[in-house]
Amino acid sequence: MKKLLVVVDYQNDFVDGALGFPGADTLDEGIANLAQSYLAMGDHVLFTFDTHGEDYLNTREGKALPVPHCIAGSFGAQLYGKTQALCCETCANSQIHTIYKRTFGMDPQDALRLRKDLGDVDEIIITGVVTNMCVIANAAALQATFPEAEITIDAVLCRSFAPELHEKALDVMEGMQMNVIHR
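Residues numbered from 1 in each chain as written. Predicted model: local features only at pLDDT ≥ 70, side-chain atom pairs only at ≥ 80, totals over all residues. Heavy atoms only, no water.

(A) Quick peek at the packing of aromatic side chains. Applying the stated criterion across every chain yields a total of two aromatic pairs. Measuring from centroid to centroid gives 5.7 Å for Y10 and Y80, while their planes differ by 80°, and the two rings are edge-to-face. Of this pair, Y10 sits in the loop between strand 1 (3-8) and helix 1 (12-15) while Y80 sits in the loop between helix 3 (60-64) and helix 4 (81-89), placing them 70 residues apart in sequence. Assessed through its relative accessible area of 0%, Y10 is described here as buried. We classify Y80 as buried; its relative accessible area is 17%. Measuring from centroid to centroid gives 4.8 Å for F49 and Y100, while their planes differ by 15°, and the two rings are stacked. (Phe/Tyr/Trp six-rings, centres within 6.5 Å; stacked < 30°, edge-to-face > 60°. Helix = DSSP H or I, 4+ residues; strand = E, 2+ residues; numbered from the N terminus. Buried < 20%, exposed > 50% of the residue type's maximum accessible area, 1.4 Å probe, protein only.)

See below:
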């Protein structure tokens, strides 16, 4: 049984940086511990990174959300806390995969490359931020890429700046036949 843990955009700028919000920091230990257990069992971990250039404010997203964040190469674009330390300690590990994305969801070409690298995946667990934006967009992309995988959203390891939107996004993902646990 092939398993994949997905950590969506758990980056400094979404925790305590430009777009940080209360409660995002509380995910760190749980995400790092879960990733560590996946790696110890020989399973795979995917980190997605929201990644923008210096021209961010001129993009469609930048015009709608005029707050520069996750600029490539910046501290804000790095993973947060213990999760960053875990990734740095094991970055050469073939079980760790990364996708740098320019918008909420991963590019279809990146998703297909992940599918080629991993082959069939039986189980996908998704964690990270922001539930009603990047988490839901990447969950949908993963469902399209791995249509036979059982997809689970760990609600206590996801957060949004708006708790009511977090709950609505979880409802939508349940409606898309994904499992939501720890709600």
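Past the structure itself, the notes keep going.
(B) Region of the structure containing helix 6 (residues 131-145). An ideal rise of 1.5 Å per residue puts 21 Å on 15 residues; helix 6 measures up with 19 Å between its terminal C-alpha atoms. Among all positions of helix 6, only T131, C134, V135, I136, N138, A139, A141, L142 and T145 are buried. (Expected span 1.5 Å × (residues − 1).)

(C) Geometry of the sheet that holds strand 3 (residues 96-101). Here we have six strands laid out as an open sheet, ordered 3-2-1-4-5-6, and parallel in their pairing. For this open sheet the edge positions go to strand 3 and strand 6 (179-181), each flanked by a neighbour on one side alone. In this sheet, adjacent strand axes meet at a mean angle of 20° when their direction is disregarded. Direction of pairing for strand 4 (residues 123-129) relative to strand 5 (residues 150-159): parallel, over a ladder of six bridges. Within strand 5, the position partnered with E123 by the bridge is E150. (Pairing = 2+ DSSP bridges. Axes fitted to C-alpha atoms, helices over the stretch in contact; angles between N-to-C directions.)

(D) Fine view of the pattern of salt bridges. Evaluated as defined, the whole model comprises 10 salt bridges. Salt-bridge contacts for D50 lead to K101; the nearest nitrogen and oxygen are separated by 3.9 Å. One end of the pair, D50, is in strand 2 (residues 44-50); the other, K101, is in strand 3, with 51 residues separating them in the sequence. Overall, the relative accessible area of 2% leaves D50 in the buried class. R183 is the salt-bridge partner of E167, the closest N and O atoms lying 2.9 Å from each other. Of this pair, E167 sits in helix 7 (residues 163-175) while R183 sits in the segment after strand 6, and the two are 16 residues apart along the sequence. On the basis of relative accessibility, which here comes to 36%, the residue E167 falls in the partly exposed class. Among the ionic contacts, a cluster of salt bridges with common partners joins E167, D171, E174 and R183. (Salt bridge = Lys/Arg side-chain N within 4 Å of Asp/Glu carboxyl O.)

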